[in-house]
Every structure is written in C-alpha cells, then in structure tokens.
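# Structure assessment
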Amino acid sequence: MSIFKARVKEFEEALESNEIDISTLRNLCFHGIPDVASFRAICWKFLLGYLGPKRCTWTETLNQKRALYRQFIEELVLPPGLNGDDERDNINAGLSDHPLSEGPESAWNIFFQDNEFLLQIDKDVRRLCPDISFFQQATEYPSDIVVHSKGERRLHQRVVPTVLSSAIVERKGLGMTKINLITKRSNENYAAMDEGQEAHWEVVERILFLYAKLNPGQGYVQGMNEIVGPIYYIMASDPDLEYRKHAEADCFFCFTALMSEIRDFFIKTLDDSEGGIKFMMAKLAKMLKEKDSEVYDKLKEQELHPQYYSFRWITLLLSQEFPLPDVVRIWDSIFSDEHRFEFLIRICCAMILIQRDVILQNDFASNVKLLQNYPPIDINVVLSHAVSL
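Notes on the structure follow. Every value quoted in this text rests on a predicted model; they were computed, and no experiment measured them.

Before going further, it helps to examine the side chain of Glu 226. Secondary-structure assignment places Glu 226 in helix 9 (residues 224–236). Relative accessible area serves as the criterion here: at 4%, Glu 226 is assigned to the buried category. Polar side-chain contacts of Glu 226 include one of 3.1 Å to the side chain of Gln 320.

Below is the structure:
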C-alpha cells in the first residue's frame, strides 16, 4: 500500500469513530491533510472547535448553527425601514426614524456608520487571492434571501466608493507596521453578479460584515479578509455538495472561532498582553537569538526590527507570504498545534534561518525586501525546518 493510501486510511478510521480521538486527529492533521473527500473541511471544523468530538452531535450542531446564521442575514443585512414583515410596521418605522436622524438609537444612523466599515470590507474582499480566479466566480449556492431581494440586501450596492470617503479601519499601532503592508493586489476589480447570482467574494463580504456587526468591540480590521479567505475557500470547495451548500454559515462560525483566539493581534490596547502581537514578536526574536545568534545580531545591528516583517507574518498567519495551497497546508499544522501559535513562531523562525546566508551578506534595504517579500520556496522545506526547531 502506498504511503498516501495508508494516510487516507488513517484519516478515514479517525473520522469514522463514534468519538473522535483528539490527539490522534491532531497528530494526523499536523503532517498535512490529504486532498481527499471532505477531510480538510471536516478536520478544520473540528480543530477550530466548531464540531465536538462526539459524531452523534454533529448533525444537530450544524443544523442549529446554520439556522442561526440565516437569522443573522434576515435581521442584520437589511436597510432601515425594512425590518419585519408587516408593511405597516415598516411605514411606521420609516416615519419615526428619519435618514437624517443622528440619535444613537436611530437605525439610519447605525446604517450609515455600518457603511463606513463596509466600504473597507468591500475594497478588501475584491482583491482576495488574486492569483486564483475562485473568488471572482459565481457560487453555486447563493443566499436566496439576498439574491432575490431586488438589491436591497446586496451589501456592495450600499457602498459606492465615489460617494463615501474611504474609511480607514486599519489597525492603528506600531508606527509604520500597520497591516496595510498588504502585498497581494488584484489588477482588476472583481465584478458583482446580476440579480439571482453572487460571486464568492460577495459571500465573504457578508461574512465579514456580520462578524463586525456582531462584534462591535472589535469591528472590522483590515487584514481579517486574509484570515477568512482560506477558510471559505476550503468550505466552498468541499466535494460533498451537502456541506458545500452551507459553506457560508460553516465558514462564519469557523472564522469566529479562530478570531476568538487571535483577536488580541488585532486590538492595539492588547499589544503587550500575553496573546498580543508585541509578545508574539518578542517570542520570535528570542527563538531566533537562541537558534542563530549571528543572524539575530546582524538584524539587530541593521535595526531591522521584527515588526518590519513578522508583524504581518504573525497577525495574518502567513496568509500573505505564500500561495493559497501552501497557506492551506501551513494552516493544517497551525490548527492542529495544541499550543496553537507555538508552531507558527517556529515556522517564522525557520523562514529567517533558511535565508541565513543571504541575510548575512545583505544590507538593510535588501534584507527588508527579502523578508517583506519572501522568495518562492517548497513549503515542505519550511515546515520540516520548523519541526526540527
């Protein structure tokens, strides 16, 4: 039996158990999930805590969460004056709440405030993974309550960039190292679909909008689109049509679960906390110093501080540094790491050490360029090096 077939068999056995053995599945996933059946979609749902270890609970959990998500769309993706089914309610609501009202309780006031962050989401999702055409394509399973709403629930129609001043919802902090050092850019703007259809990026836009609405303390921060993109891609590419049909809802809850673990990266006031970004960058610097003091000293001497490159690496879980298939492979290992982001730090350290000779020869400018635009490499080399650390 080939190694690949043996691995597939191991996954089948692990996922068919009535109660999933967490440590066995973590160990299997850590070495990469085979692109077979729904393995990756199911494993990610499990590793992110969306599904519990008892298989018998899965159907009920999924049904409940998917129904809840539909309720979010019905109640939150709607202009003021259209809440509720009773036409008289809508007329009365419209009379009592004027579009120019600035009261904090005014639905119109909230609507216009939402449009400020929605504009940034709209810009960001239109350039998701430009190296593949997936996000520009139509989904086979558009949200029926959205695509048959005569445009009233289509989020992108609410924000016309020429009318609204661009909202800057980048994460303020750490001087020049805002997450707006985003490298991937799409040459073309992703087009919206006609009535009855919607593109994958429109679905991701709705997921991020609902997340921001339901988490007002955090809202939307630029870069979150890079976190949700790979999760949605895996859910919406699931070979099992029944799972694929619910990719949006499942992605929303997996993304929410992941954000609950990395939210500290996105909140400036928590930079110095144990889960904060400064703490994580200091961890990387300490590991680099232990593993290769010469490289550490060289970067220190050049005053090439970790925030110049590792801020984005850590905050966006390396989603900007590698092509999507490699990101997905990296995330198999990160999600299955029991200490969660311990292995992420090791990968970052391995990325620097692999470029050791070049770094020692380079000047400051060349090293900044090298680390901010990491050269193409076989991802398995990076992962093997990280494991050896």
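Still to come is the rest of the account.
Overall, the coordinates contain 23 salt bridges when judged by the stated rule. Linking Lys 54 and Glu 19 is a salt bridge whose minimum nitrogen-to-oxygen distance equals 3.9 Å. One end of the pair, Lys 54, is in the loop between helix 3 (39–47) and helix 4 (58–76); the other, Glu 19, is in the loop between helix 1 (3–16) and helix 2 (22–30), and 35 residues separate them in sequence. Across the pair Lys 283 and Glu 342 runs a salt bridge whose closest N-O atoms are separated by 3.4 Å. With Lys 283 in helix 12 (residues 277–291) and Glu 342 in helix 16 (residues 342–354), this residue pair connects regions lying 59 residues apart in the sequence. Taking the relative accessible area as the measure of exposure, Glu 342 reaches 25% and is therefore partly exposed. Counted as one network, the salt bridges with shared partners bring together Asp 292, Glu 294, Arg 356 and Asp 357.

The rules we used
Residues numbered from 1 in each chain as written. Predicted model: local features only at pLDDT ≥ 70, side-chain atom pairs only at ≥ 80, totals over all residues. Heavy atoms only, no water. Helix = DSSP H or I, 4+ residues; strand = E, 2+ residues; numbered from the N terminus. Buried < 20%, exposed > 50% of the residue type's maximum accessible area, 1.4 Å probe, protein only. Polar contact = N/O pair within 3.5 Å; in protein donor to acceptor, adjacent residues only side chain to side chain. Salt bridge = Lys/Arg side-chain N within 4 Å of Asp/Glu carboxyl O.

Interpretation note: all reported values are geometric properties and have no functional meaning in isolation.
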